[in-house]
Amino acid sequence: MDSVTESFFKLLFLLSIHDWNTIVAGNKYNCDDQLVSALPQSSFSSSSELSSSHSPGFARLNRRDGAGGWSPLVSNKYQWLQIDLGERTEITAVATQGGYGSSDWVTSYLLMFSDSGRNWKQYCQEESIWAFSGNTNADSVVHYKLQHSIKARFLRFVPLDWNPNGRIGMRFEVYGCSYRSEVADFDGKSCLLYRLNQKPTSALKDVISLKFKTMQSDGTLLHREGQNGDHITLELMKGKLSLLINLGDAKIRSANAQINITLGSLLDDQHWHSVLIEHFNNQVNFTVDKHTHHFHAKGEFNYLYLDYELSFGGIPISGKSGTLSRKNFQGCFENIYYNGVNIIDLAKRHKPQIYIVGNISFSCSEPQMVPVTFLSSSSYLALPDMSGQDEVSIGFQFRTWNKEGLLLSSKLYQASGGLLLYLKDGKVKMSLYKPGKPQSDISAGAGLNNGQWHSVFLSAKRNRMSIMVDNDGTLSAHATVPMQIYSGDTYYFGGCPNNGNGSECKSPFVGFQGCMRLISIGNKAVDLISIQQNSLGNFSDLQIDLCGIIDRCLPNYCEHGGECSQSWNSFYCNCTNTGYMGATCHYSIYEQSCEAYKHRGNTSGFYYIDSDGSGPLGPFLVYCNMTDTTWTIIQHNNTNLTRVKSANRENPHAVFFKYTANLEQLQATINHAEHCEQELAYHCKKSRLLNKRDGVPLSWWIGRTNETQTYWGGSLPTVQKCTCGLEGSCIDSQHYCNCDADRNEWTNDTGFLSNKEHLPVTEIVITDTDRPNSEAAYKLGPLLCRGDRTFWNSASFNTETSYLHFPTFHGELSADVSFFFKTTASSGMFLENLGIKDFIRIELYAPAAVTFSFDVGNGPNEVTVQSPTPLNDNQWHYVKAERNIKEASLQIDQLPQRTHIAPSDGHIRLQLNSQLFVEMSAYFGVGTSVTYNFQEYYTLTKNSSSHASSFYADMTLIREAITFTFRTTRTPSLLLYVSSFYKEYLSVILTKNGSLQIRYKLDSHQDPDVFSINFKSMADGQLHHVKINREEEMLFVEINQNERMKFILSSGTEFNAIKSLILGKILENSDVDEETMKANSQGFIGCLSSVQFNHIAPLKAALHHSSSAPISVKGHFTESNCGTLTGADSTSSETTHSFADHSGPIDEGEPLANAIRSDSAIIGGVIAVVIFILLCIAAIATRIYKKKSIYKKNEAKGSENEDSAESALKSELSMQNTVNENQKEYFF
């Protein structure tokens, strides 16, 4: 298809998708009406109420009726507040308040929804973020715009945490609009046929969309068939959707004859799931909920001819589809559209295009089945035996991912023994035990931890016991036991109470985590709602009326083909035979080049190399020739001398070369190499190369760019000459190639091809060997490459204000960074990248400690490696940091790797938006004020639906991490001030005598806590480094890397609703103490550098993002290198290096040799041999290759010094040879 036609079809395709989205999703532009305020009192309900004036009907937003909101009788995690919207409604936002004028508010909650008021589903904001951050006071409104809207009739708020000095209290509002849909209910014996034009059609463009919900794990949703066995089938199989495309018996030999794509999981949960199948030409997009699979079916798919009938819910005529005998769908469909046609609407209006088989109703029935979720290994459900029988008879269904767990425990009547039913290795096992008697065990089933619903029925009477799994007699077990069995008083499902009062529930097994339903005791169904209402049995750590199972392997975060498995709380990646390692199979076990293997001390031999490190390209085998120069040798399938006869234009001789690596791997290897070459020898007798007929060469070759090349070995592109033509040594001076002399004797044109853009040679075509005595022979050598431009690369930071900046670090799901460094400085920043809240940072925290810190939305985390010896010894040290959704790790040299495990439920995406670079300094003049406004930050982002949307303006801080460097000669001075809306504050000042003073006021009714550091005057014109860390009442202060001091706060532990951070002079009205006012009288005059408040970098925001950041600057404020100046070098200037989004240079460079002579950088030295930053998102990685360092001096001198610096760097690294890890992959 030509590009114009393809573009046209893509446009049609996108328009059809747009139409579908508009129809199904409803009006997205004005769907923000208030839904709660006008509802009657009867629409509100709750788990309980404190009093009639605290009833749920008083929970409307901003109302003061009754007691001013809803509060339950008891504040615990089993309470809920519910609203009935009267019909299915589209919900786009929610808002909450606390109880009016009280100390009652909810700080976090879950949001649940349902169509029927039963079988609830939790709303998930992103990935595995379940909780919403609530309020920090009684009357402010916290508003969330939902990332994806909810379509439901019932909405339920479930408080998780609340003000510890009050109780649960809520008022709320829900926003959205009416939702219109067409539904159809299928009973498992029916189907609906839609008849198109009365002739078979060749499918060029089809768009099919629908929603469905069901409790059945199997059933056919869609089927369309052709006359030759061609068919498309959409089928639910074990809770997953499979799209099967079969091209018929006539084409069954083709590799593309059958396509089977599976998406989704746990789709039998009686909740709505969306399906979209888009097909135009031979491109198919298959989407289930939020997950899409794109595939391109080749060749035969264009010939898929289908009948004029499209059936939903089943296959109507048995035998028509041959072996396709499938179960019909039982459940509900909603909004079935075929190319914009509303199928259910046609059926309701009895249109002739529709034919209905069996019974279909146009309302959706809701099975009243109540599941229960056992959230943790300490969960349990205790139920009495009310059957009054002398036998044990229990049935239930369960689903879980865990291989082990206690299902049921009971102490048997008139016996000191008991009964245990448990999972072991995915099998159900039943044990009867009694002291003095041998234990009796039976087991049934296998692989029951596959996430599917499985039924269990057990019975025990007198001396016989039996269990049956999935109502299958073949999955049953029986045994006769040497004891009499009678029922007990209480049955414990899922686990045992965790108490020390001698409970009769005893179990050696871990508790069950998963879901149960349809529990029966003595053949009587248990009413789980009565348990929720505390009128039957008792329980702990359960969620009743929902099944909270999730599939942690969807999507699959195991990279590079790693196999995903899971338990209830986590997933695991099996990296065997992938060539990668780590928690998500991210990091390659192979080196990136032969150069890296040589640096590790390896000798010549065959090695696997991974040319893009942890990127999507896999490893491949090469030969590394490690002589003086390291050569990478990549073989192909035809290295022999091959003779050619009888070739002409009509019947050319064409040979294709297949390498041990694919073209993408070859391209990455060639791009990294300093030089590549390939020998091409052409021997000829009356066989010409360039002697053209009709302007077309007689022989040519093709490289990886798939372009015809007519220059030959030893020559250059575009000149169309051989080596002898360039040298003037051809055997016939009238021609530019020896072979073009066309002599009846053997000669040759041989040489090396060395243009990297054209290598390797993939095809040779010969057309001039069909004349008498005409013959040719060719031989193509292996691809040879030497050098690794990413390995031998370095940059120097010769002042604290020097920095390199790169494009934003986009390692959302997984990323690794590695580099060498050497320094004499005691601390300093290696790299940093910030987002609105997220950040990533690697720094030399102390002379013998490197810290990797980050925040992906769950709060700051850090991993620190302590070295037994100093790292600022001016020797090379290796750093490797990796962060993925499972863990973060840091390794230094050969020291043991340190790891931080990520939470199983929480934010997983690292979202950054600034450049990757190092902090700078600024000079403050008289009256200068830099203000970072947290309130503006709140206003701009308050509609965010992420967990991070309870930002500073509404956040209670119990910890701060503050660092800065300063230089001044003025006293008193105000160094830093943080204000609050509640008249709380933090000020850091220099007093009149030059001592440092930290003043915390965390209670507006008390005087501030004052902590003084008096060891010397700090207004001495020298550079001073300050670190302040607070953890609740514990305050730690470190000055100039001296011993850390510890203080205790008495005024409070919570810093409430912070307003702004001010550097320099306070210009706003502030209620502060007298000493702070004195220090503020002249503000701050001098140098501030590397200021950090938690993840906020105010100087960086002021100097580089003042237009977008919530920052304001007043007075004389300039970027400066004052953070490193002394009186002797006050005329020094800042050194800045920039890596842009292209590989070419922007400026000429500072000589690298001159830079290496200084070791007072931010890290005080040279960061060498990487930063390889590999960005891997889902299973797709983005790779950034930066090829040239950029400096600021004349080109000739820079080149000369760079060569000498590189030689010195290679020599020094080779002598030390201390690091045996992978030296990866983005070096600067």
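Residues numbered from 1 in each chain as written. Predicted model: local features only at pLDDT ≥ 70, side-chain atom pairs only at ≥ 80, totals over all residues. Heavy atoms only, no water.

Engineer: For this particular structure, what's the right way to read the nonpolar core?
Structural biologist: Where a protein is soluble and globular, its nonpolar side chains tend to be buried together. In terms of nonpolar packing, the biggest core is built from 45 residues, with Leu381, Phe396, Leu421, Val428, Phe493 and Met516 touching the most fellow members. For this core, the leading source of residues is strand E33 (residues 454-469), giving six residues. Leave out the neighbours within four places in its chain, and Met516 touches Val370, Pro371, Val372, Phe374, Phe396, Gln397, Phe398, Leu407, Trp453, Phe493 and Gly494. In terms of nonpolar packing, the next biggest core, distinct from the first, is built from 44 residues, Phe924, Val978, Leu990 and Ile1039 among them. (Core = buried A, V, L, I, M, F, W, Y, C linked by side-chain atoms within 4.5 Å. Buried < 20%, exposed > 50% of the residue type's maximum accessible area, 1.4 Å probe, protein only. Helix = DSSP H or I, 4+ residues; strand = E, 2+ residues; numbered from the N terminus. Contact = heavy atoms within 4.5 Å.)

Engineer: Before we go on, may I ask you to explain helix H5 (residues 663-672) in this structure?
Structural biologist: Each α-helix winds once per 3.6 residues, and so residues spaced three or four apart point in a common direction. Listed in full, the buried residues belonging to H5 are Gln665, Leu666, Ala668, Thr669, Ile670 and His672. Where H5 is buried, its residues meet strand E44 (605-609), strand E45 (620-626), strand E46 (630-634), strand E49 (675-685) and strand E55 (783-786).

Engineer: What exactly am I supposed to notice about the UniProt feature "domain: EGF-like" (unreviewed entry) in the protein here?
Structural biologist: Feature annotation in UniProt assigns "domain: EGF-like" (unreviewed entry) to the following positions: residues 549-586. Between the end C-alpha atoms of residues 549-586 there is a gap of 27 Å, over a span that is 0% helix and 26% strand. (UniProt positions renumbered as here; feature names shortened; annotations may be inferred.)

Engineer: Where do I start with the packing of aromatic side chains in this structure?
Structural biologist: How two aromatic rings sit relative to each other is set out by the distance from centre to centre and by the angle between their planes. This structure, assessed with the given rule, holds 34 aromatic pairs. Judged by centre distance (6.2 Å) and plane angle (65°), the rings of Phe44 and Phe172 are edge-to-face. Taken together, the residues span a long stretch of sequence, with Phe44 in strand E2 (residues 44-46) and Phe172 in strand E8 (residues 171-178) at a distance of 128 residues. The two residues Phe44 and Phe172 agree in class, both being buried. Relative to Tyr878, the ring of Phe820 lies with its centre 5.3 Å away and its plane at 50°, an arrangement referred to as tilted. (Phe/Tyr/Trp six-rings, centres within 6.5 Å; stacked < 30°, edge-to-face > 60°.)

Engineer: I'm lost on the pairing of strand E21 (residues 309-312) in this one. Help?
Structural biologist: Each regular strand carries side chains that alternate between the two faces of the sheet. Residues Glu309 and Ser311 of E21 are buried on one face, and the alternating residues Leu310 and Phe312, pointing to the opposite face, are buried as well. Sheet topology places strand E10 (residues 191-195) next to E21; four bridges connect them, and they run antiparallel. Each residue of the ladder has a partner; that of Tyr194, found in E21, is Leu310. Of the strand pairs in this sheet, strand E13 (residues 219-225) and E21 are connected by two bridges, and their pairing is antiparallel. Bridge pairing links His223 to Ser311 in E21. (Pairing = 2+ DSSP bridges.)

Engineer: Would you explain unusual backbone geometry in this entry?
Structural biologist: Backbone geometry follows two general trends: most residues other than glycine have a negative phi, and most peptide bonds adopt the trans configuration. Cis geometry marks the peptide bond from Leu759 to Pro760, where omega comes out at 0°. By the element assignment, Pro760 lies in the loop between strand E52 (747-753) and strand E53 (761-766). Residue Pro972 is reached from Thr971 by a cis peptide bond, and omega for that bond is -10°. Looking at the secondary structure, you find Pro972 in the loop between strand E69 (959-967) and strand E70 (973-980). Phi at His560 is positive, roughly 55°, even though this residue is not glycine. Note that His560 resides in the loop between strand E39 (542-544) and strand E40 (563-566). With relative accessibility at 22%, the residue His560 sits in the partly exposed group.

Engineer: Could you clarify how one ought to interpret the sheet that holds strand E80 (residues 1111-1114) in this entry?
Structural biologist: As a general point, the strands of a sheet are linked pairwise by backbone hydrogen bonds and lie either parallel or antiparallel. The seven strands lie next to each other as E73-E72-E71-E70-E78-E67-E80, forming an open sheet whose pairing is antiparallel. Each end of this open sheet is capped by a strand with a single partner; those strands are strand E73 (1009-1013) and E80. Ignoring which end each strand starts from, the neighbouring axes of this sheet average 10° apart. Where E70 meets strand E71 (residues 985-990), six bridges bridge the pair, whose relative direction is antiparallel. Looking across to E71, one finds that Leu976 is bridged to Val988. (Axes fitted to C-alpha atoms, helices over the stretch in contact; angles between N-to-C directions.)

Engineer: It is not clear to me how the pairing of strand E61 (residues 849-855) should be interpreted in this structure. Could you clarify?
Structural biologist: Counting buried positions along E61 yields seven of seven residues, so the element is predominantly enclosed. Both faces of E61 are covered, namely the face carrying Ala849, Thr851, Ser853 and Asp855 and the face carrying Val850, Phe852 and Phe854. Where strand E60 (residues 839-846) lies against E61, seven bridges are found, and the strand directions are antiparallel. Residue pairing for E61: Ile842 is matched across the bridge by Phe852. Between E60 and E61, which pair antiparallel and follow one another directly, the connecting turn spans two residues. Summarising the sheet, E61 and strand E62 (residues 861-866) pair through six bridges and their orientation is antiparallel.

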